[in-house]
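Structure at a glance
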Amino acid sequence: PHRRKPIRCRAAVARRAGEPLVMEEVVVAPPSSHEVRIKIICTSLCYSDITFWKMKDPPGYFPRILGHEAYGVVESVGENVADLTEGDTVIPIFLPDCGECTDCRSKKSNLCTKLVSPWMHRDETSRFTDLNGDTVYHFLYVSSFSEYTVVDIAHLTKVDPAIPPNRACLLSCGVSTGVGAAWRTAKVEGGSSVAIFGLGAIGLAVAEGARLCGATRIIGVDVNPDKFEIGKKFGVTDFVNSRECGNRSVSQVIIEMTDGGADYCFECVGLSSLVREAYDTCRKLSLSLSPPLLLPGWGKTVVLGVDKPGSQLNFSSSEVLLHGKTLSGSLFGGLKPKSDVPILLKRYMDKELRLDEFVTHEVSFEDINKAFDLLLAGKGLRCVIWM
Ligand code: CXF
Ligand code: ZN
């Protein structure tokens, strides 16, 4: 039976860019076709929430309900929903998996082509209104900073209810992105060497993924020396403090450590200059060999960080040709949300994948702005917000 009544509930609304979220009552419409209304149990803060909270350009799409890393229970379903029912436990994922488009049916990609506006639903309308009757916009198809939200079924992965909500929610974005980048995008093999630029939650999740793939050398690069101890929990074996390389570049230091460069490099900060450094760090053919064209290199660099819109990368065509390296992006770690995330959750339940160590803080919904303060101050990895 479809419950077709709007719900009034609490939401933390971003009224203006960069200003603290305001706890207010909103009205959440019933789910439309292909949609489900979910009760959020807990949500965590991902850096993209901060990026889009700060972002003044393009203007518009305020007020907005942020939040996209979460765990919830299906409260009601709309028309044309076959695989989900009331009471199902789910995690929302910003990347859709419609299962029908050419890309979803292909093994080559996780980039479903149903992705449209990051603020609105399939039909480009919002399910949220404030108490004045004005539209409140969605964010990344999820908007989990609300007690209830309406999410398209392409953005929901069903999860085993035995998994604790404050662990499952981590796989809704950040940890999946990092682990997936090593596992699915780079396809790190046993015995390989890895260099990770930036040991925040994403970089540490890359380390965890590389550890699970059997990498033997996992080199973390960060400006904060405390990150080495934290990184060791996730498999980091070596540490380079990028502020303490003297007159050498980070790439020179790591090329020496690895005798020619790391097999896989990951940029997890969001700086194009660091993408360049990562590319320079990955293994290439030695130009002293002759003739060089017959011995291609194999290093692969994966970009995970989100730099400012419009930032550019610079490569000469000859180096691209001669080095034989690969540079790749990775959205959601190359994971297919509906099929790969359950595999990772099972690996957590089997005590292979480490998730517990990512949760460094937990707060109640009223204190959501504290989670923002912590992440802005670079304190901790993930702060779980309980509704
Ligand atoms: C991001 C990835 C880059 C585009 C915006 C969303 N994903 C989640 O945090
Ligand atoms: Zn995210």
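The structure presented is a predicted model; accordingly, all values stated were derived computationally and were not measured. (Residues numbered from 1 in each chain as written. Chains lettered and ligands numbered in written order. Predicted model: local features only at pLDDT ≥ 70, side-chain atom pairs only at ≥ 80, totals over all residues. Heavy atoms only, no water.)

Brief notes about the site of ligand 1
All residues adjacent to ligand 1 are Cys46, Ser48, Phe52, His68, Phe94, Leu140, Cys173, Val306 and Leu331. Between ligand 1 and the protein, one listed contact pairs an oxygen atom with a side-chain N or O atom of serine 48 at 2.5 Å. Across the complex, the protein chains shield 76% of the 270 Å² of accessible surface that ligand 1 would expose by itself. Partitioning the shell around ligand 1 into residue classes produces seven nonpolar, two polar and no charged. (Near = heavy atom within 4 Å. Polar contact = N/O pair within 3.5 Å; in protein donor to acceptor, adjacent residues only side chain to side chain. Areas by Shrake-Rupley, 256 points an atom, 1.4 Å probe, with all protein chains shown as cover. Nonpolar A, V, L, I, M, F, W, Y, C, P; charged D, E, K, R; others polar.)

Considerations on the pairing of strand β12 (residues 238-241)
Of the two faces of β12, the one lined by Asp238 and Val240 and the one lined by Phe239 and Asn241 are each fully buried. Note: strand β11 (residues 217-222) against β12, four bridges, orientation parallel. Note that in β12 the partner of valine 221 across the bridge is valine 240. For the crossover from β11 across helix α6 (residues 227-232) to β12, the handedness is right-handed. (Buried < 20%, exposed > 50% of the residue type's maximum accessible area, 1.4 Å probe, protein only. Helix = DSSP H or I, 4+ residues; strand = E, 2+ residues; numbered from the N terminus. Pairing = 2+ DSSP bridges. Right-handed = clockwise from strand over helix to strand, strands pointing away.)

A closer look at the coordination of the zinc ion (ligand 2)
Under perfect tetrahedral coordination by four donors, a metal shows angles of 109.5 degrees; under perfect octahedral coordination by six donors, it shows angles of 90 or 180 degrees. Around the zinc ion (ligand 2), the protein contributes the donor atoms Cys46 (SG), His68 (NE2) and Cys173 (SG), at 2.0 to 2.2 Å from the metal centre. All donors of the zinc ion (ligand 2) come from a single chain, and their spacing in sequence reads C-x21-H-x104-C. Linking cysteine 46 in the loop between β3 (35-44) and α1 (47-54) with cysteine 173 in the loop between α3 (165-168) and α4 (174-185), this pair joins segments that are 127 residues apart in sequence. Take cysteine 46: its relative accessible area is 5%, and that puts it in the buried class. Looking at cysteine 173, the relative accessible area reads 6%, which means it is buried. (Donors = N, O, S within 2.8 Å, 3.2 Å for Na, K, Ca; no water.)

Remarks on the sheet that holds β11
Within the open sheet, the six strands sit side by side as β12-β11-β10-β13-β14-β15. Their pairing is parallel. At either margin of the open sheet sits one strand with a lone partner, and together these are β12 and β15 (326-329). Between one strand axis and the next, the sheet turns through 20° on average, direction left out of account. Running at roughly 145° to strand β14 (residues 300-303), α4 makes contact with β13 (264-267), β14 and β15 of the sheet. Running over the sheet, helix α8 (residues 272-281) touches β10 (193-197), β13, β14 and β15 and is turned about 165° from β10. (Axes fitted to C-alpha atoms, helices over the stretch in contact; angles between N-to-C directions. Contact = heavy atoms within 4.5 Å.)

A word on the packing of aromatic side chains
Counted under the stated rule, the structure contains eight aromatic pairs. With 5.1 Å between their ring centres and 85° between their planes, tyrosine 61 and tyrosine 137 make a pair best called edge-to-face. With a gap of 76 residues between them, tyrosine 61 in the loop between α1 and β4 (69-77) and tyrosine 137 in the loop between β7 (135-136) and β8 (148-152) connect regions that are remote in the sequence. Since its relative accessible area comes to 30%, tyrosine 61 is described here as partly exposed. Ring centres 6.2 Å apart and planes at 70° place the aromatic pair phenylalanine 145 and phenylalanine 372 in the edge-to-face group. (Phe/Tyr/Trp six-rings, centres within 6.5 Å; stacked < 30°, edge-to-face > 60°.)

Topic: the packing of α1 against helix α11 (residues 368-376)
Contact geometry of α1 with α11 gives a least axis separation of 11 Å together with a crossing angle of 100°. What the angle tells us is that α1 and α11 run roughly perpendicular. Counting all contacts with α1, which are made through Tyr47, Ile50, Trp53 and Lys54, the residues of α11 involved are Phe372, Leu375 and Leu376. Split by residue class, the contact of α1 with α11 holds six nonpolar, no polar and one charged. (Parallel < 35°, antiparallel > 145°, perpendicular 65-115°, else oblique.)

Points about the sheet that holds strand β1 (residues 7-13)
Spatially, β1-β2-β6-β7 is the arrangement adopted by the four strands of the open sheet, whose pairing is antiparallel. Looking at strand neighbours, the two that pair on one side only are β1 and β7, the edges of this open sheet. Taken together, the seven bridges between β1 and strand β2 (residues 22-28) define a ladder with antiparallel strand orientation. Its bridge partner being in β2, alanine 11 is matched across the sheet by glutamate 24.

Examining the side chain of serine 143
Relative to the elements of secondary structure, serine 143 occurs in the loop between β7 and β8. Serine 143 gets classed as buried once you look at its relative accessible area, which sits at 0%. Of note is the side chain of serine 143, whose polar atom sits 2.7 Å from the backbone oxygen of isoleucine 65. Not counting chain neighbours up to four residues away, the residues in contact with serine 143 comprise Ile65, Leu66, Gly67, Phe128, Tyr137, His138 and Thr149.

Quick look at the confidence of the model for the protein
The predicted coordinates should not be examined in detail at positions where pLDDT is low. Residues with a pLDDT of 70 or more make up 94% of the protein, whose mean pLDDT is 92. ipTM for the predicted complex: 0.98, alongside a pTM of 0.94. (pLDDT = per-residue confidence, 0-100.)

Examining the nonpolar core
Of all hydrophobic cores here, the largest spans 83 residues; its most connected members are Leu21, Phe145, Leu171, Val188, Ile196, Phe266 and Phe372. Here the element with the most residues in this core is helix α5 (residues 201-212); it accounts for six residues. In contact with valine 188, other than residues within four places in its own chain, are Ala182, Val194, Ala210, Cys213, Ala215, Tyr264 and Phe266. (Core = buried A, V, L, I, M, F, W, Y, C linked by side-chain atoms within 4.5 Å.)

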